[in-house]
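Next come the chains, spelled out residue by residue.
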Amino acid sequence: TMIALCALVLLRSGPGRAPLQDKGYLIAYNPPLKKAFHYDIETVVTGPSAATLKLAKTVRATQVDNGIFTVVTTFDSVSFGIPANEQVAQAERLIKSSVVTQTINSQGGIVSSDASRSVSQMLVGGLDAINAIAFSPTPVKVGDTWRNSIDNNGSKLEVELKLVGVRNDHGKQMASLKMGTVTSSTAEPELPLVIDVDLVTGVLQRLELAGTPASGAKGSSIHVLIRRR
């Protein structure tokens, strides 16, 4: 059986109880099977190469085998934010007809994906770093950090994640994480990605990034928002 977290119910701290920040949490990806999760994704790039991408997707975990979930994503709508022509319409039809099947482990890491490079970019709003999100394999307390690395088109991408808080939100417990890329072993990494996940299921609720594109022109900025409806 998969443990979604160490402390399932948070009670007010009292005599003999550890304060909230001292509790340890084992966050695990354990979505309910067959349930549809709907997301809106908006990516806005400003500057010389201004662009806006909006799309809606539906995500379902269809089965689980030894802690590895099969997850199917379909696209409900897509808009590139540029004047419509036949090429744009064709690209939108291609995206909307795509069905992506991935396998995801209990840490939320992608084990396999049948998405093409271009469709994979659509899945995450154009941010490769999102694919490096992974929960700690051991329980963590608020303020703890951990690292993960993935192969990103032939180069190693290393990120640091931090559990910055746990809160109740409309009856659900949410874990707030921050994540950023590690540029050197000595420098303290910036953590510009803000991520909210359901503490019980590990399902993404919200992700936001505001910053400068890694390969963007001077004066460019990017804002990505992924939000569960």
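A brief structural summary. (Residues numbered from 1 in each chain as written. Predicted model: local features only at pLDDT ≥ 70, side-chain atom pairs only at ≥ 80, totals over all residues. Heavy atoms only, no water.)

Details of empty space enclosed by the protein
The condition is simple: A 1.4 Å probe that fits but cannot get out identifies a cavity on a 1 Å grid over protein atoms alone, an open set with protein on both sides within 12 Å along at least five of seven lines counts as a pocket, and a residue lines either if it has an atom within 4 Å of a point. Grid points are joined across faces, edges and corners, and a volume is the space filled by probe spheres set on the points. In this text, helices come from DSSP runs of H or I with a minimum length of four residues, and strands from runs of E with a minimum of two, each type numbered from the N-terminal end. Each residue is assigned to one of three groups, with Ala, Val, Leu, Ile, Met, Phe, Trp, Tyr, Cys and Pro labelled nonpolar, Asp, Glu, Lys and Arg labelled charged, and all others, Gly among them, labelled polar.
The tally for this structure, following the rule as stated, stands at one cavity of 30 Å³ or more. What the largest cavity holds in volume is close to 560 Å³. The wall of the largest cavity is formed by 27 residues, among which Tyr 29, Lys 57, Ile 104, Gly 108 and Leu 204 lie closest to the centre. Those elements that place two or more of their residues in the lining of the largest cavity are strand E1 (36–46), strand E2 (51–65), strand E3 (68–79), strand E4 (99–104), helix H2 (117–123) and strand E9 (193–198). In terms of residues, the lining of the largest cavity owes the most to one element, E2, which gives four residues. Residue composition of the lining of the largest cavity, grouped by class: 19 nonpolar, six polar and two charged.

Some points on unusual backbone geometry
Across the chain, the bulk of peptide bonds are trans and the bulk of non-glycine residues have phi less than zero. Even without being glycine, Lys 34 reaches a positive phi, approximately 75°. Mapped onto the elements of the fold, Lys 34 is located in the segment before E1. One non-glycine residue, His 170, lies in the positive phi region at around 55°. Considering the arrangement of structural elements, one finds His 170 in the loop between strand E7 (155–169) and strand E8 (172–181).

Considering the layout of surface pockets
Size it by volume and the second largest pocket reaches roughly 340 Å³. In this structure, the second largest pocket is lined by 15 residues; those nearest its centre are Ile 110, Ser 113, Ser 120, Asn 131 and Asp 151. Those elements giving two or more residues to the lining of the second largest pocket turn out to be strand E5 (110–113), H2 and strand E6 (145–152). Top element by residues in the lining of the second largest pocket is E5. It accounts for four residues.

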